[in-house]
Amino acid sequence: MIDKIIEQTEEFVRNQLGEDSTGHDWFHVDRVRRNAIHISKAEQQGDPFIIEMAALLHDIPDEKLNYSEEAGKQKLESFMETIPLKDVEKNHIREIIFSISYKGGHGSKLSSVEAKIVQDADRLDAIGAIGIARAFAYGGKKGQSIYDPAIMVRETMSQEEYRRGKSTSIHHFYEKLLKLKDLLNTETAMQMAEPRQQMMQSFLEQFYREWNGQQS
Ligand code: ADP
Ligand code: NI
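Every value quoted in this text rests on a predicted model; they were computed, and no experiment measured them.

About the cut-offs
- Residues numbered from 1 in each chain as written.
- Chains lettered and ligands numbered in written order.
- Predicted model: local features only at pLDDT ≥ 70, side-chain atom pairs only at ≥ 80, totals over all residues.
- Heavy atoms only, no water.
- Near = heavy atom within 4 Å.
- Polar contact = N/O pair within 3.5 Å; in protein donor to acceptor, adjacent residues only side chain to side chain.
- Areas by Shrake-Rupley, 256 points an atom, 1.4 Å probe, with all protein chains shown as cover.
- Helix = DSSP H or I, 4+ residues; strand = E, 2+ residues; numbered from the N terminus.
- Nonpolar A, V, L, I, M, F, W, Y, C, P; charged D, E, K, R; others polar.
- Phe/Tyr/Trp six-rings, centres within 6.5 Å; stacked < 30°, edge-to-face > 60°.
- Buried < 20%, exposed > 50% of the residue type's maximum accessible area, 1.4 Å probe, protein only.
- Lys NZ or Arg CZ within 6 Å of the ring centre and 35° of its normal.
- Core = buried A, V, L, I, M, F, W, Y, C linked by side-chain atoms within 4.5 Å.
- Donors = N, O, S within 2.8 Å, 3.2 Å for Na, K, Ca; no water.

1. Examining the site of ligand 1
Inference 1: Around ligand 1 sit His-24, Asp-62, Lys-64, Asp-122, Arg-134, Ala-135, Tyr-138, Gln-144, Ser-169, His-172, Lys-176 and Leu-177, and those are all the residues in its vicinity.
Inference 2: At 3.4 Å, a backbone N or O of Ala-135 approaches a nitrogen atom of ligand 1.
Inference 3: The contact in question runs from an oxygen atom of ligand 1 to an N or O atom on the side chain of Lys-176, over 3.1 Å.
Inference 4: When the free accessible area of ligand 1 is taken as 540 Å², the share hidden by the protein chains comes to 88%.
Inference 5: Of all the secondary-structure elements, those providing two or more residues to the shell around ligand 1 are α8 (128–141) and α10 (169–175).
Inference 6: Sort the elements by how many residues they give to the shell around ligand 1 and α8 lands first, with three residues.
Inference 7: Each residue belonging to the shell around ligand 1 can be placed in one class, and the counts come to three nonpolar, four polar and five charged.

2. Regarding the packing of aromatic side chains
Inference 1: A complete count under the given rule lists ten aromatic pairs for this structure.
Inference 2: Ring centres 5.9 Å apart and planes at 65° place the aromatic pair Phe-136 and Phe-203 in the edge-to-face group. Residue Phe-136 is found in helix α8, and its partner Phe-203 is found in helix α11 (residues 187–211); the two are separated by 67 residues along the sequence.
Inference 3: Given a relative accessible area of 22%, Phe-136 falls into the partly exposed group.
Inference 4: With a relative accessible area of 24%, Phe-203 lands in the partly exposed category.
Inference 5: Among the aromatic residues, those joined into a ring-pair cluster are Phe-136, Tyr-147, Phe-173, Phe-203, Phe-207, Tyr-208 and Trp-211.
Inference 6: If you follow Lys-73 out to its NZ or CZ, it ends over the ring of Phe-98, 5.7 Å from the centre.

3. Topic: the nonpolar core
Inference 1: Membership of the largest hydrophobic core comes to 51 residues, with the highest contact counts inside it found for Val-13, Met-53, Leu-57, Ile-93, Leu-124 and Phe-173.
Inference 2: A per-element tally of this core places helix α3 (residues 48–57) first, with eight residues.

4. With respect to the coordination of the nickel ion (ligand 2)
Inference 1: Those protein atoms acting as donors to the nickel ion (ligand 2) are His-28 (NE2), His-58 (NE2), Asp-59 (OD) and Asp-122 (OD), and they sit at 2.2 to 2.7 Å.
Inference 2: Along the chain, the residues donating to the nickel ion (ligand 2) fall in the pattern H-x29-H-D-x62-D. Residue His-58 is found in the loop between α3 and α4 (69–82), and its partner Asp-122 is found in helix α7 (residues 113–124); the two are separated by 64 residues along the sequence. Summarising the burial analysis for this pair, His-58 and Asp-122 share the class buried.

Nothing here speaks to function; it is geometry throughout.
Next up, the structure:
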């Protein structure tokens, strides 16, 4: 029964996200699911079925992938109607999905251990070698430059500059990616983040070396 629901959910998500090239593709979802299951096992915490379902569905209502916030919610709801779960389970899955986003979840306390684990798994996929690849894929899709030394990091920007949203993919590392390590909830994810953080740091160092015309 549970296997059948997971299978049905995988198929729905594959169909919905298969074509996306902004970094929210099926492979992202699959990595988040696998990392979430790994964290849950290592921590010996959380309901594995709820974690897997929330990980699979976490990007479905994302505003960036839908015409509007409302359309995204509706997409998730229509699918939820087709799966035979209790209301309490469906509510828990919904709550995880809507509470974990960086925007929605930033700074606020997550209510369940399942939400903490799925959020960690999603954040791990935004850092390290995969995170680097996703940042430039997303930036390219949005027509954003790789880097521009004349642009300031957002924290030091005026209101006007911030509103215009001028940034680059390299700037995104300082605005978000390098900070994610310190926002993780579980010890397991913190350990998994270490080599990923080092990878981003050495990538940036080498990037500037090459940018500045150094030969090695
Ligand atoms: P999440 O999947 O955690 O909700 P987002 O939807 O914010 O993350 O972003 C998806 C991917 O695109 C992430 O890997 C993120 O780092 C990257 N990304 C988001 N905004 C930018 C940006 N302005 N520049 C470069 N990459 C970005
Ligand atoms: Ni995601």
